[in-house]
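Chain and residue survey
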Amino acid sequence: MGDYQKMADAPAGPLPPPYPLAKLDSDKEGLLKGLTDAEVAELVKKYGLNEVPEEKEPLWKMFLKQFTGPMQIMIECAALLCFLIHNWPDFTIIMVLLMTNGTLGFFEEKSAQASVDALKAGLEKKMPVKRNGKFDSIPVVQVVPGDVLFMRGGDIVPADCYWVEGDPCQVDEAALTGESLPVKVPRKDDDGKPFSGRQMWSGSILKVGECQAVVSHTGVNTMIGEAAKAIQEASGKDIGVFEGKIIEAAQVLILITVVVVTFLFYFMYVIQGVEITDEVLEMSLSLVIASVPVALPMVMKVTLSIGAKEMSDEGGIVTHLTALEEIASMKVLCSDKTGTLTTAQMTVYYDETAKAYNGFTAEQVLEFASLASNEANKDDPIDSAVLRAYAKSKGMTNVDDAVDKRKTLYSLDPEGFIGFNPIVKRTCAAVTAKDGTKWFCSKGMVDVILKTNPEDEGKQWTVDNYEEMSKQASKADADLGISGFKTLGVGVSKNGGPMKFAGILPIMDPPRHDTKETIRKIKEAQVAVKMITGDHHNIGKELARQIDLGTDIRTPDCLQPPSEARDLIVMKADGFAKVKPLDKHEVVQVLQDKGLVVGMTGDGVNDAPALAKAQIGIAVHGATDAAKSAGDIVLTKDGLSPIYTAIQISRRIFKRLKSYVIYRICITVQVVFFLAALAIFYNLRFKALYIILLALFHDLQIVTIAYDHQVAGAKPETPTVLGLLLQSYSMGILMFIQTMLLVSYGHLFLSDEYGDGYHQSMSSEMAGNEMNKYMETTIFLQISNSSAILIFSARTVGFFFSTMPAWQLTFSTALGQVLINVWCLWAPTGLVDKLKPSDVAMVWLYDFAWLLFLDLVKMTAGRLWDKYKPATIDRNPALQAKDRNSRRMSNNLRPSYMLAQVGGEELGNKVAQLPEGSRNSVRMSRTYKK
């Protein structure tokens, strides 16, 4: 572990292999000798074991951490104050709330520890490794750079390595790069990246072939290791954006309360000379307790849990509840392509997109291709796609039924089928038709079907009229490639005659039926959508065109070096193709650095770092365990539609929580200012028990806000402390005035009992004491009623009666106030004085009249905030401009385009000086149109 820590802290990135890559050519025999035990011991000291390091937090520490957050500390202080004043009922209630919230948080965080475990699971295997001159099967955790591996079809590559000798192999990198089809190894090197054509990544699957490979990187230095490290570094998304703003607002509220209490102490003790009795101390401490929103964590947990249940019904399992807060503020959604935007199933097109030659039709070309496909090989993506298309062309849904029917028309000759291998790069079939016609069919790469390679030992041919057919087929192949299609060439020979080039079948992973509509809805919700895929650039661009995403698709080389121009490109681009895991991580990082809340979807190991980094990581349906563990939401349905649903749910949750915060701050401002004014201007006291009862009772009553009916906003919700305080304080101060006016002038319209209590309270002998009990009970009822019905105003932007609240909220509010009013009417315990029914009715009329006035003030404050709030709050810089045509340039011209943006001012000026018509000719490369 010590070596690993050193390695993880190294600023230079992954450690290089212990041999120069040039030896792959110059000293192949030397590399294939493998390592000795002594060499392995030295390399283990330098590189560590082939495992992903982790530091698991002890469970006891994880549990205690649930009680150390800002909000938890405030609640603990409230509990301590209750303990100091021996208020055991309130102490018990607060501790129950605190422990319940802490226990829920503990179990939620415990489940998140599975992230790195899922990545490590792929490494706990054995592999033949050459040590001391012979191959032995050893655990892959003991593999070190320089080891020689022997791998065969079906093996999972245990470390990053380079192919040295053996068969040409097919390697499935879908979980790492998102590439739909297996890649060939060895193959032509990428430009500027020597030996990249021989590289095999840890975590990929060797599908076809046997080979020996030399290890280059292990553990955290591999691509999968970097993914695990990025997940660890990005962990700890404990507090959501909105929760953070709520905590800040609560801290401001508590600070103001402490200032008021301190001033009250000074005024009473120094100026008025009042003796600090237990009653005064209890009242002051009760003020502080009242200012702490003890039910806030519970309200948030309940609200988010109900939202999570609603989300599960719509096809998404929420693993981290804070994600449901964050989606409301999400301004950018970075979406994986395969399986999310597309069906993850290769589709062969046989309509006008297909190319047919030599008198054949597209349907015939497809039929010939199906004859050269192996129906028994269900795992082969090309054969399966061809046979599905053939079944569809015959009006059948079952491939086996279509093949059975075809067998009545064509019979396979003995040993007539030649399967695919990476050397010949084609499949062939010799069949006899029902009428006795002999057909020889072949499908494969277009250039191979046109003319086979004499050195590949397969059946050889050159198609009839090769020169002309080669020109036509190569042009069609190139055009389809630009449009994002993979292609399949088909050739046939009839009765032993010359081989004829029958046509080209385009292949693509098509978009899901609902992708285009869902992206439109998400964009209408003012959320920018960017596609991030490991697939080829042209494939990504064509898909983006089909789903109306926008065709400004970039490649990863525009992500370096970091600069303002680079950041601008990331903000404006519609997506990125040919990306690796850390490229996705980089895109998310850039967007977050611009202050945007980012969502990221993915399904493979390659997506895990970005899923962990993003505020909202979304593992799509069928994702790997690593992606599910790193994500905050796991989709159980295909496509993006559950994400749009999550946006709507989250924005409704945001409004519910915002309603609670406004409500809670309002009633605290009302009570704190009322008690301070009562002491300063009237030299009267108010029973501390009433204050605590009001705070706790209404906190518990308001939990049903989690069920409230709300309409999702049209744009991302961006909470600000100033915005929350402006609305809540304006209403809270008005409610304070409402209560003080009742204290001062209630005797003019209430009963004689209240009038007598008022005059008694204002007499000199009552100075420094509690007000008359009847008057005190009336004020308690007024504060209780006005606080309870305030939620109906706080939950809307208009008048309180403009929208219908949930029945649960109405019921809990009504039930609570019925109990309070009945208590005040009958006064069974003696804690309150028995009120006259006429006074109770007048208090209700008084509170409802003020509620209408409160609505007017609330709407005025809202309009003022909308008018003068900073423009950056609602602006989404990642959204595309509506007219993009004047900025579109081909990614094939990207180096020149980058010069114009990154600093090539001369080139940029030349482009700007071109006439409009000439500038249009320098736009993005043409896209394929059917």
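The structure we're discussing is the one just above.
So, a few notes on the structure that sits alongside this text. (Residues numbered from 1 in each chain as written. Predicted model: local features only at pLDDT ≥ 70, side-chain atom pairs only at ≥ 80, totals over all residues. Heavy atoms only, no water.)

Counted according to the given criterion, the structure contains 26 salt bridges. Across the pair Glu770 and Lys687 runs a salt bridge whose closest N-O atoms are separated by 3.7 Å. Here Glu770 is found in the loop between helix H29 (752-761) and helix H30 (773-794), whereas its partner Lys687 is found in the loop between helix H26 (641-682) and helix H27 (688-701), with 83 residues between them in sequence. The partner of Asp855 in a salt bridge is Lys858, with the nearest N and O atoms 3.2 Å apart. One end of the pair, Asp855, and the other, Lys858, are both in helix H32 (residues 837-868), three residues apart, so they sit about a helical turn from each other. A residue is classified by how much of its surface remains accessible, and Asp855, at 0% relative accessible area, is buried. (Salt bridge = Lys/Arg side-chain N within 4 Å of Asp/Glu carboxyl O. Helix = DSSP H or I, 4+ residues; strand = E, 2+ residues; numbered from the N terminus. Buried < 20%, exposed > 50% of the residue type's maximum accessible area, 1.4 Å probe, protein only.)

Bringing the pairing of strand E15 (residues 426-433) into the picture now. Burial analysis of E15 places eight of its eight residues in the buried class, which makes it a mostly covered element. On E15, burial covers both faces: Arg426, Cys428, Ala430 and Thr432 on one face and Thr427, Ala429, Val431 and Ala433 on the other are all buried. Where strand E14 (residues 410-418) meets E15, five bridges bridge the pair, whose relative direction is antiparallel. Among the inter-strand pairings, Ser411 is bridged to a residue of E15, identified as Thr432. (Pairing = 2+ DSSP bridges.)

The tally for this structure, following the rule as stated, stands at 19 aromatic pairs. Ring geometry for Phe674 against Phe686: centres 5.4 Å apart, planes inclined by 80 degrees, an arrangement best described as edge-to-face. Of the two residues, Phe674 is situated in helix H26 and Phe686 in the loop between H26 and H27; the sequence distance between them amounts to twelve residues. Each member of the pair, Phe674 together with Phe686, is buried. (Phe/Tyr/Trp six-rings, centres within 6.5 Å; stacked < 30°, edge-to-face > 60°.)

Attention now moves to helix H4 (residues 37-47). Within H4, the full set of buried residues consists of Val40, Leu43 and Tyr47. All buried residues of H4 fall inside an arc of 65 degrees around its axis, so they share one side. Among the exposed residues of H4, those oriented more than 90 degrees off its buried face are Ala38, Glu42 and Lys45. Positive backbone phi, at 80 degrees, marks Gly48, one or two positions downstream of H4. (Arc of directions from axis to C-beta.)

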